[in-house]
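For reference, the chains in residue letters:
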Amino acid sequence: MRQVAIIGAGMIPFGRRDEDSLLDMLAYASLNALDDAGMGKKGVDAVYVANMGAGILQHQTSVASALVDRLSLIPAAADAVENGPASGASAIKNGVLAVASGYYDYVLVAGGEKMREIVGWKATDFVATMTHPEVEYPYGVTLPGMAGMFTRLYMEKYNLTRDQLIAVAIKNQKMGALNPYAHVEMIITREGIVDDPDSVVNNPMAADPLHLYDMCPVSDGAAAVVLCSLEMAKKISKKPPVLVAGFGQATDTHTLQERDDPTDLKAVTLASNQAFEMAKLTPKDVDFAELHDAFTILEIAESEHAGFFKKGEGGKAVEKGETSLGGKFPINMSGGLKARGHPVGATGVAQVVDVVFQLRHELGKDRQVKGAKTGFTLNFGGFGNNVVAFVLRRAE
Amino acid sequence: MAVDMDLEALLRAPAIEMAEYPPKMITLANGKKMIVRQADIKDVPVLLQAVRPTLEIPRDYYDIVGARLYAELLGWYRHRVRNEYCLVGQIEGYLVGIVNGRMVDKDIGMSYHTLAIDRGLRVGSHLFAAKMEYHIEILGQQEVWITAESPIGFRRWMIEYGLIKQEGVQHELGGASSYKLTRDLYFETKPRLVAGKRPVSKRFLDEAMDKIMVADEDAISEKICGVKGR
């Protein structure tokens, strides 16, 4: 198999993009990535498009076919990838396999979602379509509801505290405020969301014990990357190529109730281990990570299940500032899903784009992980029933 | 402008005496302190200056809310609306939101508009709650009639408060559906929706009372549409 590199990365600011259609957003992000790759008039052989819900939200299907036409990339092969909130990383994985196999030389992977044209509760309902159609959805379970129950169990088992969750929210909103692509532009303070009596109104309970500021926003957005073999990347890329050193993907039961221990995110551990094994690295070799913090609890639980911290230690690390910029292991310097936003189909691609920016040392001092050489992404589908992880390295 | 006070007396409706809204201070999610206080009729010109840029902002129906609020505030200023009041939210002296309404009679309050200039911090929600507090707790009314012109307003008022739909009742803002907040409903929802502390310390109150500062037009548009236009 050929080694695969990322030679182009681009995204558009996430948030509420009333003026853009889903296809517009995918096209803008793709053009940014293609420009970034510096490919000139060279076309791509294949396009993979990650999207979860255009069929439901926009009454539009076949978005990959539509995108190649919009970008004048015909006759490139085009496939849409739907894997819930892990669609983005799944699409990249498929692109990586296509290049690694030698079948395609240049692949564009774009991920996008347009979720703000429906009201919030409809967006929550849309995301809940990934739950079990017989034993979960009909009973009203939502992803925030699942996250709340998961958090309660995690608190009981690992002595996780609300203060630790709050520390994640404050850290990620601070980083989001510094990220020009982030949806949420606002810092929050502990006083405003916890300590002051007015915080009851500012930060209401959403799904016990999770509050409003434990949740990611509903966002529009798109991101894209261009892949080719490392060998070709070294020849054509003017920027340091980023090597896809390892990837992993694993699944778990559809319902949480069928798991021996619902707090054990086995797919996270398996996918991460696969990625480390392929990269011939360990978590200790990684400089920073972009984790799937759709809820604050997930950043902590994933950081432990991926092997960056022992169980029960991830929350303490956040509180101590170890996961902040300048800390031992910075997590979500993009602001994460919590602040960058979570257009579900775009998220896995955006995580990789953010890691590429970091590994190319392109960010300002206020977000750049100093000397970053190896980054990690984890894209979490369902409630941990389909997880994709990447280990990415700066290719010198 | 010369005014014939004899004729003017006929045009001006007799007002009911209204208790003053006691100022309060709310800590927002970003830790900043918002002072909520009653605006004086003399403040109207500066409030109109803040409302004017919204007339060009269709996003979230700011244009219609702004246009109607502009007319209501002008109507109050020129004594053409009876028993109107206006509450403002200020952070470090700067105007961040406006709410208004009027007292129909001793039992019924009419909620007019809520306009948030700083967004994402529940400024509009806090000010709307202050308006309900004014009608129910300060003016001692039995119910407040409310309608919404934007989906955000509908979500914040009708859904969050669980307002009661009033079939066949005409709200003063026109043909939109009319809802009401009763005293019971207010006190039921107060613990989760009404924030703020009294008294406001002299430093904060002096800063707010000294002058209502208004951001420039571009800054207001940016605050409403988001710094990054989203």
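Quick note: structure is the one above.
Okay, so let's go over this structure. Within any chain, residue numbers begin from 1 and follow the written order of that chain's sequence. Chains and ligands are labelled sequentially in the order written, the chains with letters from A and the ligands with numbers from 1. Note on the predicted model: pLDDT of at least 70 is required for a residue's local features to be given, and 80 or more for side-chain atom pairs to be given and counted; whole-chain, interface and lining totals, by contrast, use all residues. To get the side-chain values, all heavy atoms of the structure are used, and hydrogens and water are removed first.

1. So, the overall build of chain B
A run of H or I in DSSP becomes a helix once it reaches four residues, and a run of E becomes a strand once it reaches two; helices and strands are each numbered from the N terminus. When helices and strands are tallied, chain B shows eight helices and eight strands. For this measure, only C-alpha atoms enter the radius of gyration; the expected value for a globule follows 2.2 Å times N^0.38, where N is the number of residues. In summary, chain B has a C-alpha radius of gyration of 17 Å against a globular reference of 17 Å for 230 residues, a match within 12%. In terms of principal-axis extent, the alpha carbons of chain B reach across some 50 × 45 × 40 Å. Burial classes follow relative accessibility: with a 1.4 Å probe on protein chains only, a residue under 20% of its type's maximum area counts as buried, one over 50% as exposed, and anything between as partly exposed. A burial count over chain B gives 52% of its 230 residues as buried. The contact definition used throughout considers only heavy atoms, calling two residues in contact when any of these lie within 4.5 Å. Long-range contacts, defined as pairs at least 24 residues apart, comprise 67% of the intrachain contacts of chain B with a sequence gap of at least 6. The method behind every accessible area is Shrake-Rupley, applied with a 1.4 Å probe, and residues are considered shielded solely by the protein chains displayed. As presented, chain B carries roughly 10,500 Å² of accessible surface, and 53% of it is formed by carbon and sulfur atoms. A gap of 5 Å separates the mean positions of the 32 positive and 32 negative side-chain charges of chain B. Charged residues are defined narrowly, with Lys and Arg counted positive, Asp and Glu counted negative, and His plus the chain ends left uncounted. By convention, the charge on Lys lies at NZ, on Arg at CZ, on Asp at CG and on Glu at CD.

2. Let's talk about the overall build of chain A
Scanning chain A for helices and strands turns up 15 helices and 11 strands. For chain A, whose C-alpha radius of gyration is 19 Å, the value lies close to the compact-globule estimate of 21 Å for 396 residues. Taken along its principal axes, the extent of the C-alpha atoms in chain A is 60 × 45 × 40 Å. Burial statistics for chain A: of 396 residues in total, 64% are counted as buried. Sequence separation of 24 or more characterises 76% of the internal contacts of chain A that already satisfy a separation of 6 or more.

3. Brief notes about the sheet that holds strand β6 (residues 143-146) of chain B
Residues and elements named next belong to chain B. If DSSP finds at least two bridges between two strands, the strands pair. Here we have eight strands laid out as an open sheet, ordered β1-β2-β3-β4-β5-β6-β8-β7, and mixed in their pairing. Each of the sheet's edge strands pairs with one partner strand only, and the pair in question is β1 (24-27) and β7 (164-165). Bridge analysis of strand β3 (residues 84-91) against strand β4 (residues 94-103) gives eight bridges, and the strand direction is antiparallel. Residue pairing for β4: Tyr85 is matched across the bridge by Gly101. Of the strands in this sheet, β3 and β4 are in contact with helix α2 (residues 44-51), which crosses β4 at around 110 degrees. As a rule, the C-alpha atoms of each element are fitted with a line to give its axis, helices using only the stretch in contact, and angles between N-to-C directions run from 0 to 180 degrees. Across the sheet, helix α3 (residues 62-77) lies against β3, β4 and β5 (108-116), angled at about 125 degrees from β5, the strand it touches most.

4. Some words on unusual backbone geometry
In this structure, Pro75 of chain A follows Ile74 of chain A across a cis peptide bond, with omega equal to 20 degrees. Here Pro75 of chain A shows up in the loop between α3 (63-70) and β3 (77-81). Residues Arg198 of chain B and Pro199 of chain B are joined by a peptide bond in cis, for which omega reads -5 degrees. Mapped onto the elements, Pro199 of chain B comes out in the loop between α6 (183-193) and α7 (202-210). Of note in the backbone geometry, Asn159 of chain A takes a positive phi value of approximately 55 degrees without being a glycine. In this structure, Asn159 of chain A sits in the loop between α6 (143-158) and α7 (162-178). The backbone of His361 of chain A sits at a positive phi, close to 60 degrees, despite the residue not being glycine. Note on His361 of chain A: relative accessible area 36%, which makes it partly exposed.

5. A word on the interface of chain A and chain B
Much of the literature gives interface size as the accessible area that the parts lose upon coming together. Facing the 27 residues of chain A at the interface are 28 residues of chain B. Each of two parts loses accessible area, computed with a 1.4 Å probe, when they are put together; buried area is these two losses added. Summed over both sides, the interface of chain A with chain B buries roughly 2,000 Å², with 47% coming from carbon and sulfur. By definition here, a salt bridge exists when the distance from a side-chain nitrogen of Lys or Arg to a carboxyl oxygen of Asp or Glu is within 4 Å. Between the two partners, chain A and chain B, sit five salt bridges. One salt bridge in this structure joins Arg16 of chain A and Asp60 of chain B, with 2.8 Å as the shortest N-O distance. Whenever two N or O atoms come within 3.5 Å, that pair is a polar contact, provided that in protein one can donate a hydrogen and the other can accept it, and provided that, for residues adjacent in sequence, both atoms are side-chain atoms. Between chain A and chain B we count 12 residue pairs in polar contact (both at pLDDT 80 or more) in total. Listing elements by their share of the side of chain A that touches chain B, those giving two or more residues are α8 (190-195) and α9 (199-202) of chain A.

6. Details of the pairing of strand β8 (residues 242-251) of chain A
Residues and elements named next belong to chain A. For β8, a buried count of eight out of 10 residues is recorded, marking the element as mostly surrounded by other parts of the structure. Relative to β8, strand β1 (residues 4-11) runs antiparallel, the two sharing two bridges. When the sheet's bridge partners are listed, Ile6 is paired in β8 with Val242.

7. Here's the deal with a nonpolar patch on the surface
To count toward a patch, a residue needs a relative accessible area above 30% and no salt bridge. Like charges then connect within 9 Å, nonpolar side chains (Val, Leu, Ile, Met, Phe, Trp, Tyr) within 5 Å. A contiguous nonpolar patch, built from Trp121 of chain A together with Phe154 and Ile159 of chain B and spanning about 300 Å² of accessible area, is present on the exposed surface. When you line up the elements, Phe154 of chain B lands in helix α5 (residues 151-159).

8. Here's the deal with the packing of helix α1 (residues 22-37) of chain A against α3 of chain A
Residues and elements named next belong to chain A. Contact geometry for α1 and α3: axes closest at 10 Å, N-to-C directions at 55 degrees. Here α1 is positioned oblique relative to α3, judged by the angle of their axes. Here the hand of the crossing between α1 and α3 comes out right-handed. Note on element contacts: α3 touches α1 through Val63, Ala66, Leu67 and Arg70, opposite Leu22, Leu23, Asp24, Leu26, Ala27 and Ser30. Any residue outside Ala, Val, Leu, Ile, Met, Phe, Trp, Tyr, Cys, Pro, Asp, Glu, Lys and Arg is labelled polar, Gly included; the first ten of those are nonpolar and the last four are charged. The residue makeup of the contact of α1 with α3, split by class, is seven nonpolar, one polar and two charged. Here the angle decides the label: under 35 degrees means roughly parallel, over 145 means roughly antiparallel, 65 to 115 means roughly perpendicular, and every other value means oblique. Note: crossing handedness is left-handed where the near helix turns anticlockwise from the far helix by less than a right angle, and right-handed where it turns clockwise.

9. Comments concerning the sheet that holds strand β9 (residues 288-290) of chain A
All names here are of chain A. As summarised here, the arrangement of the nine strands in space is β3-β2-β4-β7-β1-β8-β11-β10-β9, forming an open sheet in which the pairing is mixed. A single partner strand is all that each edge strand has here, and the edge strands are β3 and β9. With strand direction ignored, the average angle separating the axes of adjacent strands in the sheet is 25 degrees.

10. Comments concerning the packing of aromatic side chains
Here the aromatic set is Phe, Tyr and Trp, taking the six-membered ring for Trp, and pairing holds for ring centres within 6.5 Å; pairs whose planes are under 30 degrees apart are stacked, those over 60 apart are edge-to-face, and all others are tilted. Applying the stated criterion to the full structure yields 18 aromatic pairs over all chains. With centroids separated by 4.3 Å and ring planes inclined at 25 degrees, the aromatic side chains of Phe308 of chain A and Phe329 of chain A adopt a geometry described as stacked. Taken together, the residues Phe308 of chain A in the loop between α12 (296-305) and α13 (314-319) and Phe329 of chain A in the loop between α13 and α14 (336-340) connect sequence positions 21 residues apart. Here the aromatic rings of Phe128 of chain B and Tyr161 of chain B are separated by 5.4 Å at their centres, their planes lie at 70 degrees, and the arrangement is edge-to-face. Remark: Tyr161 of chain B occurs in the loop between α5 and β7 and Phe128 of chain B occurs in helix α4 (residues 123-138); sequence separation between them is 33 residues.

11. Some details on α4 of chain B
In an α-helix there are 3.6 residues to a turn, and that puts residues three or four apart on one side. With 14 of its 16 residues buried, α4 of chain B lies for the most part within the structure. Of the residues trailing α4 of chain B, Gly140 of chain B is marked for its positive phi of about 70 degrees.

12. Observations concerning the pattern of salt bridges
This structure, assessed with the given rule, holds 41 salt bridges over all chains. Here Asp163 of chain A and Arg190 of chain A are joined by a salt bridge, their closest N and O atoms 2.9 Å apart. Highlighted residues: Asp163 of chain A in helix α7 and Arg190 of chain A in helix α8, separated in sequence by 27 residues. Judged by its relative accessible area of 33%, Asp163 of chain A falls in the partly exposed class. According to the relative accessible area criterion, Arg190 of chain A is partly exposed, its value standing at 31%. Across the pair Glu8 of chain B and Arg12 of chain B runs a salt bridge, and its minimum N-O distance is 2.8 Å. For Arg12 of chain B, a relative accessible area of 32% translates into the label partly exposed. Among the ionic contacts, a cluster of salt bridges with common partners joins Arg16 and Asp18 of chain A together with Arg59, Asp60 and Arg119 of chain B.

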